[in-house]
Amino acid sequence: MRHFAGLLIGLVATAALLGGGGWAVQQALGNAAASPAGGQKLWIALGAMAAVGLIVGLVVAGRVSPLATFVPSLVLLAWTVVYALDMNRALSFIPDQPSVNGIIRDAGFGDKTLLTTGVFALLGVALFIPVLIPSRWARGRYDVDEEYEATPEGSYY
């Protein structure tokens, strides 16, 4: 059951990384290009980046299941490998048509920036490291239901 929960958490973390992270990067870059840098949009973008960083940190440090980090790392590393092998195909996954909602289009442009600069490769490797730790796959010692064993009378233990 904990691996199923880890799978669901991994899907949420992937959506947060791709959607929230991409949108925040695009907003921050757009604000940095403006002549009076700063303002409310920049603070919102930095807050979104901090929230995505918090989600990634909790997923990496959490002990729910290694699938919680494996799912986003698999997506990020696979997309990076596709980008390294065929740049046009990897960039065609990004929605950029005018009919797409502006927020999703901004997230896509931010994802393009993160993909082409190698940030997704870095995050993918960082998220893959907890998968390699064998103790993450084993059930915790407090999760095991131990039956109560009565001690005989007159014994110390």
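Residues numbered from 1 in each chain as written. Predicted model: local features only at pLDDT ≥ 70, side-chain atom pairs only at ≥ 80, totals over all residues. Heavy atoms only, no water.

## Some thoughts on the overall build of the chain
Item 1. When helices and strands are tallied, the chain shows 7 helices and 0 strands.
Item 2. Starting at the N terminus and ending at the C terminus, the chain contains elements arranged as α-α-α-α-α-α-α.
Item 3. For the chain, the residues scored as buried account for 29% of the 157 residues in total.
Item 4. Within the chain, counting contacts between residues at least 6 apart in sequence, those at least 24 apart form 75% of the total.
Item 5. Here the chain displays about 10,200 Å² of accessible surface, and carbon together with sulfur accounts for 67% of that area. (Helix = DSSP H or I, 4+ residues; strand = E, 2+ residues; numbered from the N terminus. Buried < 20%, exposed > 50% of the residue type's maximum accessible area, 1.4 Å probe, protein only. Contact = heavy atoms within 4.5 Å. Areas by Shrake-Rupley, 256 points an atom, 1.4 Å probe, with all protein chains shown as cover.)

## A short note on helix H6 (residues 119–128)
Item 1. All buried positions along H6 are accounted for by Phe-120, Gly-124 and Leu-127. Mapping the buried residues of H6 onto a view down its axis gives an arc of 70°, with all of them on the same face.
Item 2. Packing partners of the buried residues in H6 comprise helix H1 (2–33), helix H2 (40–61), helix H3 (67–85) and helix H5 (102–117). (Arc of directions from axis to C-beta.)

## So, the side chain of Thr-80
Item 1. Of note, Thr-80 is situated in helix H3.
Item 2. Among the residues examined, Thr-80 registers a relative accessible area of 19% and is labelled buried.
Item 3. Separated by 2.8 Å, the side chain of Thr-80 and the backbone oxygen of Leu-76 make a polar contact.
Item 4. Contact partners of Thr-80, with chain neighbours within four places excluded, come to Leu-115, Phe-120 and Ala-121. (Polar contact = N/O pair within 3.5 Å; in protein donor to acceptor, adjacent residues only side chain to side chain.)

## Considering a nonpolar patch on the surface
Item 1. On the surface, a nonpolar cluster with roughly 540 Å² of combined accessible area is contributed by Met-1, Phe-4, Leu-7, Leu-8 and Leu-11.
Item 2. Here Leu-7 is to be found in helix H1. (Patch = residues over 30% accessible without salt bridge, like charges linked within 9 Å, V, L, I, M, F, W, Y side chains within 5 Å. Salt bridge = Lys/Arg side-chain N within 4 Å of Asp/Glu carboxyl O.)

## Overview of the environment of Ala-13
Item 1. Structurally, Ala-13 is set in helix H1.
Item 2. Placed 39 residues apart in sequence, Ala-13 and Val-52 show a C-alpha to C-alpha distance of 8.3 Å.
Item 3. The residues touching Ala-13, leaving out its near neighbours within four places in the chain, are Ile-55, Val-59 and Pro-72.

## A look at the packing of H1 against H3
For any two helices packed against each other, one specifies the crossing angle of their axes together with the interaxial distance.
Item 1. At a closest axis distance of 6 Å, the pairing of H1 and H3 adopts a crossing angle of 40°. Considering their axes alone, H1 and H3 lie oblique with respect to each other. For the pair H1 and H3, the crossing hand works out as right-handed. Seen from H1, the contacting residues are His-3, Gly-6, Leu-7, Ile-9, Gly-10, Leu-11, Ala-13, Thr-14, Leu-17 and Leu-18; seen from H3, they are Leu-67, Ala-68, Val-71, Pro-72, Val-75, Leu-76 and Trp-79.
Item 2. Class assignment of the residues belonging to the contact of H1 with H3 gives a composition of 13 nonpolar, 4 polar and no charged. (Axes fitted to C-alpha atoms, helices over the stretch in contact; angles between N-to-C directions. Parallel < 35°, antiparallel > 145°, perpendicular 65-115°, else oblique. Left-handed = near helix turned anticlockwise from the far one by under 90°. Nonpolar A, V, L, I, M, F, W, Y, C, P; charged D, E, K, R; others polar.)

## Some words on the environment of Ile-104
Item 1. One can find Ile-104 in helix H5.
Item 2. Overall, Ile-104 belongs to the partly exposed group, its relative accessible area being 46%.
Item 3. The spacing of Ile-104 and Gly-20 is 84 residues in sequence and 9.6 Å in space, taken between C-alpha atoms.

## Details of the packing of aromatic side chains
Item 1. Applying the stated criterion across every chain, the model contains 2 aromatic pairs.
Item 2. Ring geometry for Phe-70 and Phe-128: centres 6.1 Å apart, planes at 45°, overall tilted. In this pair, Phe-70 sits in helix H3 while Phe-128 sits in helix H6, placing the two residues 58 residues apart along the sequence.
Item 3. A relative accessible area of 27% places Phe-70 in the partly exposed class.
Item 4. Classification of Phe-128 as partly exposed rests on a relative accessible area of 28%. (Phe/Tyr/Trp six-rings, centres within 6.5 Å; stacked < 30°, edge-to-face > 60°.)

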